[in-house]
Each structure stands twice: as C-alpha cells, then as structure tokens.
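Descriptive structure summary
Chain by chain, the residues:
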Amino acid sequence: MQEGAWDVSQLEDMSGTRLSFHCWPSSRLEAARCVVPLGALYTPLKKLPANCAPPQAMPYDPVRCSSCHAVLNPYCQVDFRSKLWNCPFCLTRNHFPPHYAENITETNLPAELIPQYSTCEYELQTVPDQGPPCFIFVIDTCSSAKKELGELADSLTQALNLMPPDSRVGLITFGTNVSVYELASESVSKAYILRGNKEYAPGKVGELLGCTGRPGQAAQQPNGGQAAAAAQNQPMGPGQQVLERFLLPVSECSFLVESILEDLRKDPWPVPNDKRPARATGCALSVALSLSHLAIPRRGARVMLFTAGPCTSGPGAVVSRLKEEDMRSHQDLAKKAEPMHQPACEFYAKLANPANHNAPQDKKKKKGPAPPPTPAYHVVDVFACSLDQVGLLEMSHLVEATGGLMVLGDSFGQSVFKESLLRVFNRYPDDVPQDGGQLFMATGASLEVFTSREFKVSGAIGPVTSLNKQGPNVSDLEVGKGGTSAWGLGGIDPNTTVAVYFDVTNPGNSPLGEGKRRYIQFLTKYQHSTGKTRLRATTLCGGWHNPPTPPKDGAPSNFGMQQSPVKMSFDQEAAAVLTARMAVSQTESDEVADVLRWVDRSLIRLCSKFADYRPDDPSSFRLSPEFSLYPQFMFHLRRSQFLQLFNSSPDEAAYYRYVLTRENTTNSLVMIQPTLLSYSFNGPPQAALLDAESVRPDTILLLDTFFQVVVIHGETIAAWREQGYHEQEEHAAFRSLLEAPQSDAILIMDSRFPVPRYIVSDQHKSEARFLMAKLNPSVTHNSNLDSGGGGAQVNTDDVSLRVFMEHLMKLAVQQ
C-alpha cells in the first residue's frame, strides 16, 4: 500500500460518510490499540452527485432480506440463473420478487445493484401521504423591552410568507397564562386562556378548547331531516376540530395571524420589582405538543418556541420568581445544589416522548408495559434571545430528542436571530430533480444500522434517541446512546450528521481470510416536507488488515505500523470530530477534568502507536502526514468552549455542545480549530496560523469560529482608516484591502445555520478578545519579548502548542 493511496474525503462526496479508519484491524485487541474509535460520521440528507446515486427517489418499496431486513445493494452476490441474491450481512439467500426476476440480467440491472450507486432513495408506496408540515408559534410575551415584541412579530411575519401555502400554522402566546388562538374566526381574534401553572394532557387540552368530538346540533333535528343531517354533520373527532379551528392552512389564515402578531402586547399581569415575571414556558410547550399530538399524530410539525427569559411558573420552572435567588451556575450543578434543575429536566424529557405524553394521567391505574419508543414527528425548536439564561440546559433534552434547532442570541432584533429564523425555511434550488423548490427540513426520521458479522454497533452520538432495537449486531460496549442498532432522529436537514461507533468483535486468535470485506448499511427513514415517506439506504464496503505477529522477545508500541494499511487509511479530521463528540458526551456524566485527562491519555497512546521514533528518544519522534494535524486538533479541543467552562453559563455550554454534535465534519472542525485568514499589501489573502504571532499591526485578520465571524484590523491599519485614507482616490488599494475581509465574511455567513455573530474591531480594543482567546499563546507575559519575534501578547497561563508537543513527544516515546 503506497502512501497517498487513500483519498479519505472521497467517501463523503460519494455517500455522505466519513470514517476514522478506512481499513480496519481484524481483531478486537488491535482495534483497541488503535485508540481512536472506529466510527462513521453519516449525513443522511446530503445531496449526492448523479454518478453516485439515482437523481430521484425511486417510486417503489425496496427489496429486503427475509432474515435481517437489510436492503438490496450493489455488494450483494446475485445468481442470475436461479434469480437469487445473497445478503452480505447475514449471508441469507433470498428470491427476487417476480417483477425483478422477470427482467434482471447481467446487463439489465435495477438501480440498487448498479455498482456505483452505493446510495439509493425510495419513496415508500405503502405509507400514506401525510401532507405538508405544520408550524406552531409559541411566543413569550413577558419581554421587558418594548421593541422586542415588535421585532419578533416582524420576523414571524416574514417567516409566514416563506411557508408553503398549504402548510398549517398555529399560534400560542404565554406569560402568566397560556393563550391559544382560534384562527377560524375571521372577524375578530379569539383566544382560549389556560392557567399557566398546570400541565395538560392532550385529552384535557381538547376538552378545554371545546374539541370534544360531540355530534353537532343538526344531528338532533326532527325525523324528516335526520338523514340529510347525518350526512352533512357527522360527529368530528377532537383532532379534526383542532385542525378546523386552531391549525389552519397558511393560505386561509395568514391575514389573521399577521394582525394578531401586530397587536401583540406585553403580558398584563403586574410584576413586583423584587420578582421575575411569571413565565409559563413549560405549560405552553405542553399545550403546543398536546395540540399537535391530538390533531396530527403522524404528520410532521415544528413547535417553534420564542422566549426571552427563564421559566418561573408551573411545570418546567428552572428558577424562583424571587430575584434574590440567582440562576443556577456550573458550581451549583456540580454540587447538586439546584433543586429545580432535575425536575425540570425530567419534565422536558417526558414531553419528548409522544407515548408518555399521551399516556393516561390516572395514577391509580396499574402501569402496563411501556409502549416502544417512536421517532419524533413533532420537532421542538428553541429561539432564546436574552442577556440572561433562559433554561436552555433543561430544554436541551427535549430539543435533542426531537431533532430540533437551537438559536441563542442577545435580542430578537439581532441578525443572529432574524436571519437564522428565515433560514429554517430554506428550500432546494429549482433545478434540483424532484426536490426543486421544496423545504430542506424533514421530520419523523429514524436511522437503523446493519453490520457484517465481524463487528457490532456500539452506539451513536448526535441528536438521537434510542429505539431499543436489540439484535445480534448490538455490542455490549456502549458509546453514547448504545444498546441498540436503531435510533430516532426526529427533525433532520442536509447538515444533520450522526456519529455511529463500532466494536470489532473478531477474536485475535482467528485472523480473517485475505480478501474478506466488511459491510455497513445505514437505513434512514424520514417524512419529506411534501408529506411523503422516504427511505435512504447507504451501503459501505471496506477491507480488513491482519497485523503481523510481534517477536517473542517483545516489541515497541509502534511495531508493524510503518507501512500498515490501517495507518495509511487514517482520516484525522473525522477522527478528531468522533473523539470530540465522545468527549462532549462524557461531560454529561463525568467531571470535565476527568474528560481532559482521557483526551490527553488517548492522544499519548495514539502517538505511541502510530508515530515513528526510537524508544526513549524524543528528538526522533515523527508523525506521518495522515496524523500530523491530529495533535493540534486535540490541543485546540482542550482549550475550546466545549471542555472549558470558564466564562460561559450552563445554557451557553449546552448550546455549543449541542450544535457540535449535530453538524457535519467540516463545520465541526471549524468549531474545534477555527480558521484564520490574513489580508495585507504583501499579496492575496492567505491562511494564517492560529497563533499569536499572526497578529501584526499592518494586517487584517478574519477569524471564523463557526459561532462568530471576527474581523480584526491591525493597529496601523486602524490608524490609517481613522484618518480617512480609504476615502481618497489615490488610496483605492487600501479601500479594497478593507473591503476584502468583509466580503469574505459575508460569504461565510451566507451558508451557515445558526447565523454567526459578526464582529468588526481593532487590535487592542475590547472585542479583539474573541480573536485572542482562540490563538495559540506562543507569546505571553512570561515569554522572552526581547527575542525579536513579532505577534501580540496573550495574557494567559495556558501552555503553547510548542510546549504541548514537547511534552507529548517525551511521553509518547517512553517504553
């Protein structure tokens, strides 16, 4: 195997997957010695080129294995004489359906058997069309700023115009109480007021809204008109009444909704100076989800919460109304000194499961077996705009379980919120086959993974919930959400990426035969924005490597790794993201200090395994190009906001971690190690090291951290700008230099969700801290500043990348 033979990023373009290793060790012991988890980053809705997948979803159900239910794929062995095919996962021989058997030949293959089509998508004909999605706005009216509600109403009006005309919309506002608006009344807005300090089951909500399913008055006419009345006035169920009164098509109620939004006023209940407003966020979400479960239990819906403060009243409250009691901090959570945190988490987690939400509330009844979990058709999005915490940490359980979106901003007038809201309704370009002009979003998604017999599924990390599907390919070693081979994803979009981890179970004393292959199949079932149900099948095939036998007198840790195919097939970018997701997942149960130690030890063991060196000689340490960037990814991960809680609230930490676990590989890498571009008169823009030495007085730096896009002008550049040189014709080059980073920043922000915060500042100004906090502190107050090196001083006690690598090399070569 020659160096460079593996194109580790090609697989992402062909199938939407990235693997940490493309060639796997054939035994469990050798897999454990590889340190980095064997895993895949899979993006279910990634649009693939026409030469890698059929351009349109095929209008029929897939052919499945009679034993394991895997889908027919190009890696199946086909007997064209007997019209049989072998499943590569369970090795079962299956008959083709008659319409396949009649026409299939070696030169006339169905799409799913064409070699280059490793991904095929089917539009299932056995599942009824559910229609376009429903959107329920849940609006907080407790905002203290007068302009906030006006800004929010303006953004929601724009969003209303972006919805498909036949999609349905509902409107709920909340403060001390919860108001559910009846949108069927054309002349005047009508709302039902529910108490905000209670939790409502779907049946109770229907009863309070007058949707009880009773027969109409016409059914009680005299005998002569009974037949006609019965035909015209059939008794409607509660769900149908909700659809006719509270969840109406946008084309029928947009004018009324817009007028209600224009008339939004602050919650009228008085608030004493020493108390917070009574904000019934939990009750409002309970009512919204009850409406959707009552009316459209298996139809896609988005419950979109817009809140400006913490829940203080009723179920889901995260803080007392008394201002003298502060919101919980990281220290409170570590000491378990916050009594409201756990009950709130349990409440929101219960809302995430429709089966539990629809369960009877009668506590006297005996509890039967719990219904099996199902994918979430009703997605909960949280748009939190406040300078204080709003309880995002507690609500993140609900958002993650339903595959929802989170946006955290300072106010509803900020572009972070306004632009992000509009991008929820992004559509495919008109020239995309079949999906042109349709919304990106999909709901009710589930992911099932099939594997060949030599390895099993350990778990998944991302916006997923376990569907508790047991089977022979489920490993006892759990990672993230483990103990299952199927997960509910809820809402997904083209960027949603799930990390799936595998466990090699083949014992070391039975090497695999030469030419033996491993197979993975991802089955993603989801409800398209048109209401049709689709199934995407992606099948991967890869090789095994039997490691050489070490000599009896012992061998160094890196024995046999010099030209190993396992080493050559390493994808350091995917491995860094898989490791980062594992680290973030561990923070839910372990102390951050323990997670940092795990990251350090894993990196030392990895370098000891795959680096080239002489034992106990740090100066001989060398990393091949496949591994050269991985240590600095780990260096920046250790310093990132995902593992360092300093200067971040629990809400911010939950937000950053959630976004990391749902984004694709490229975006996740930008979060872990931000990108830095340098602009100067010396030449075109060029990538700069993320280092303090890159800060120069005569340059402009563009930093992309995913959550912020920062433009920092050097000291000299800022002085020239203040003197107005860019306004003079003879300094047109200087004007172009000032405009170039801002144009590039707009290009970066145009394709991103959530929209990053855009910051323009100067060297030594306060907002330059966003840049300085991300730089490698190669120049600090402890450095020798007389050495002649340039760069800006970073005031920190953190070690630099050079010191970090010196310690890493010293520890990795120890025997």
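Residues numbered from 1 in each chain as written. Predicted model: local features only at pLDDT ≥ 70, side-chain atom pairs only at ≥ 80, totals over all residues. Heavy atoms only, no water.

Read across the open sheet, the 5 strands follow the order E26-E25-E27-E28-E29; overall the sheet is mixed. What marks the edges here is a single partner per strand, and that holds for strand E26 (683–687) and strand E29 (757–762). Put simply, the sheet's adjacent strands are angled 15° from each other on average, direction ignored. In the sheet, strand E25 (residues 675–680) pairs with strand E27 (residues 700–704) via 5 bridges, with the strands oriented antiparallel. Opposite threonine 675, over in E27, you have aspartate 704 as the bridge partner. (Pairing = 2+ DSSP bridges. Helix = DSSP H or I, 4+ residues; strand = E, 2+ residues; numbered from the N terminus. Axes fitted to C-alpha atoms, helices over the stretch in contact; angles between N-to-C directions.)

With that settled, consider the nonpolar core. Counting residues in each nonpolar core, the largest one holds 135 residues, and the members touching the most others are Val178, Phe502 and Phe522. Per-element tally for this core: the top contributor is helix H16 (residues 572–586), with 9 residues. When sequence neighbours within four positions are dropped, the list of residues in contact with valine 178 reads Ile172, Thr173, Tyr192, Ile193, Leu194, Gly196, Ala280, Cys283, Ala284 and Val287. Counting 37 residues, the second largest nonpolar core, distinct from the first, contains Leu248, Val407, Met441 and Phe753. (Core = buried A, V, L, I, M, F, W, Y, C linked by side-chain atoms within 4.5 Å. Buried < 20%, exposed > 50% of the residue type's maximum accessible area, 1.4 Å probe, protein only. Contact = heavy atoms within 4.5 Å.)

Strand order in the open sheet formed by 3 strands is E4-E5-E6, with antiparallel pairing between adjacent strands. Looking along the sheet, the strands with just one partner apiece sit at the ends: strand E4 (77–79) and strand E6 (93–95). For this sheet, the mean angle separating the axes of adjacent strands, direction not counted, is 25°. Where strand E5 (residues 84–86) meets E6, 3 bridges bridge the pair, whose relative direction is antiparallel. Counterpart to leucine 84 in the pairing with E6 is histidine 95.

Taken as a whole and assessed by the stated rule, the structure comprises 36 salt bridges. For arginine 536, the salt bridge is made with glutamate 121, and the minimal N-O distance between the two is 2.9 Å. Of this pair, arginine 536 sits in strand E22 (residues 533–545) while glutamate 121 is found in strand E7 (residues 119–123), placing the two residues 415 residues apart along the sequence. When sorted by exposure, arginine 536 lands in the same class as glutamate 121, which is buried. Taking the shortest distance from any N to any O, the salt bridge between arginine 279 and aspartate 140 comes out at 2.6 Å. Remark: aspartate 140 occurs in strand E8 (residues 134–140) and arginine 279 occurs in the loop between helix H8 (250–262) and helix H9 (281–295); sequence separation between them is 139 residues. For aspartate 140, a relative accessible area of 2% puts it in the buried group. One salt-bridge network, held together by shared partners, links Lys47, Glu121, Glu123, Asp435, Arg534 and Arg536. (Salt bridge = Lys/Arg side-chain N within 4 Å of Asp/Glu carboxyl O.)

Now for the confidence of the model for the protein. Of all residues in the protein, 91% attain a pLDDT of 70 or more, and the chain-wide mean is 88. Mean pLDDT across the elements of the protein ranges from a minimum in helix H6 (residues 226–232), with 43, to a maximum in strand E3 (residues 39–42), with 97. Segment residues 358–366 is flagged for pLDDT under 50; beyond a separation of four residues in sequence, or across chains, it makes 3 contacts in the model. (pLDDT = per-residue confidence, 0-100.)

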